[in-house]
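Fold and contact review
Residue-level listing of the chains:
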Amino acid sequence: MVRLPPERFDGVSDDAPVLRHPPTGEPLPLVLDSPHSGERYPGDFDHLPPRAEVRRAEDTHVARLWRGALRHGATLIEARFPRAYIDPNRSLDDLDPDLIADAWDGPLQRSRKTEQGIGLVWRLARGGVPLYGRKLRAAEIRGRIERFYVPYHAALSAELDALHRRFGAVWHVDCHSMPAVGDVNSDDPGRARDDFVLGDRDGTTCAAEFTATVAATLRDLGYQVAINDPYKGVEIVRRYGRPAAGRHSLQIEINRRLYMDEHTLIPNAGYPALEADLDRLAAALAVFIRARL
Ligand SMILES: [Zn+2]
């Protein structure tokens with residue numbers, strides 16, 4: 001078990017929904033974002049299952065695992081709110097009408113994620129149990145969108161736009177982690193996952209060479225890597241990936257068994273080795289990007 005010291009960020013208010021970590025090395029047009037590692041549970045999140053069970057929705061520790069990339073010129077955008085409360089990696093119309101007590105005045109488009117209970121606002125916790133003992137008011141959901149979802153996307157899109165303007169192209173890694181075995185909310189229940197799953201929505205959100213470079217680097221480090229199976233990437237890479245315009249977005253899912261106990265969320269003995277390997281991957285991405293500027 002690995003003990004991580006508490007993190008402190010000077011000048012950041014306690015309720016800031018998103019953190020921006022600037023590069024500590026020479027800046028490159030490389031943006032990482034971690035939308036699901038937030039651990040600050042809002043006071044009005046009246047979930048029914050115990051907190052420990054709800055927290056299994058998190059990609060716990062992911063933002064911290066990638067922190068070494070800052071030295072290689074990356075900027076990191078980190079959500080601080082829990083994704084079970086509102087999920088930045090879903091579209092705004094991906095809402096379950098059965099979860100809403102009154103009228104919703106926006107468009108609704110039930111996706112596969114909504115059917116699985118894990119749309120914009122989750123209806124089910126991991127394991128498939130109801131997250132709430134009540135329906136939510138439309139105004140509550142609007143509030144979550146305005147206070148958390150919108151600021152997160154504003155921070156991420158501002159970073160991508162600024163670097164694209166400055167360098168003419170930008171590479172973006174959307175950072176996640178996944179349960180070691182598919183659960184009832186997934187498309188592959190009961191299946192053991194590879195070490196990493198890369199998602200570029202079947203080659204549509206970044207140049208093929210970006211996906212190939214990440215896959216080759218990870219395989220050289222000894223990992224099994226799957227591509228677009230079972231995760232192709234969702235709203236974030238769909239929204240920002242425009243390879244023809246020099247905007248390359250790739251989703252990376254890390255198997256949680258590589259770095260933590262999935263029930264206690266405590267880092268395991270593998271954490272430092274994974275952290276070092278992600279540092280090597282970031283170094284390789286810096287070389288890849290420099291060669292294209
Ligand atoms: Zn995630």
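Keep in mind that this is a model prediction, so the values were computed, not measured.

Attention shifts here to the overall build of the protein. Within the protein, the regular secondary structure consists of seven helices and seven strands. Helices and strands appear in the protein in the N-to-C order β-β-α-α-β-α-α-β-β-α-β-α-β-α. Computed over the C-alpha atoms, the radius of gyration of the protein is 18 Å, within 12% of the 19 Å expected from 2.2 N^0.38 for a compact globule of 293 residues. Each principal axis of the C-alpha distribution contributes one length, and for the protein these read about 55 × 40 × 40 Å. Burial status across the protein gives 55% buried among its 293 residues. Considering only contacts within the protein whose residues lie at least 6 apart along the sequence, 79% involve residues at least 24 apart. Only carbon and sulfur atoms are counted for the fraction: they give 52% of the accessible area of the protein, which is about 12200 Å². Computing the positive centroid from 40 side-chain charges and the negative centroid from 43, the protein places the two 1 Å apart.

What follows deals with helix α7 (residues 271-290). The first and last C-alpha atoms of α7 sit 29 Å apart over 20 residues, in line with the 28 Å expected at 1.5 Å per residue. The inward-facing, buried residues of α7 contact β2 (30-34), α2 (62-65), β4 (170-178), β5 (196-199), α5 (208-220) and β7 (247-255).

Counting across every chain of the model gives 26 salt bridges. In this structure, Arg-142 engages Asp-105 in a salt bridge whose closest nitrogen and oxygen atoms are separated by 2.5 Å. In this pair, Arg-142 is assigned in helix α4 (residues 138-167) and Asp-105 in the loop between β3 (75-79) and α3 (112-115), connecting sequence segments 37 residues apart. When salt bridges that share partners are traced, they join Asp-46, Arg-134, Arg-137 and Glu-140 into one network.

Quick look at empty space enclosed by the protein now. The full count for this structure, using the stated rule, is one cavity of 30 Å³ or more. Taken as a whole, the largest cavity holds about 40 Å³ of empty space. In this structure, the largest cavity is lined by Asp-94, Leu-95, Asp-96, Thr-114, Gly-117, Ile-118, Gly-119, Leu-120, Val-121 and Arg-123. In terms of residue class, the lining of the largest cavity is built from four nonpolar, three polar and three charged.

Scoring rules and cut-offs
Residues numbered from 1 in each chain as written. Predicted model: local features only at pLDDT ≥ 70, side-chain atom pairs only at ≥ 80, totals over all residues. Heavy atoms only, no water. Helix = DSSP H or I, 4+ residues; strand = E, 2+ residues; numbered from the N terminus. Rg over C-alpha atoms; globule rule 2.2 N^0.38 Å. Buried < 20%, exposed > 50% of the residue type's maximum accessible area, 1.4 Å probe, protein only. Contact = heavy atoms within 4.5 Å. Areas by Shrake-Rupley, 256 points an atom, 1.4 Å probe, with all protein chains shown as cover. Lys, Arg positive; Asp, Glu negative; His and termini not counted. Charge placed at Lys NZ, Arg CZ, Asp CG, Glu CD. Expected span 1.5 Å × (residues − 1). Salt bridge = Lys/Arg side-chain N within 4 Å of Asp/Glu carboxyl O. 1 Å grid on protein atoms, 1.4 Å probe; cavity = no way out; pocket = protein on both sides within 12 Å on 5 of 7 lines; lining within 4 Å. Points joined across faces, edges and corners; volume = space filled by probe spheres on them. Nonpolar A, V, L, I, M, F, W, Y, C, P; charged D, E, K, R; others polar.

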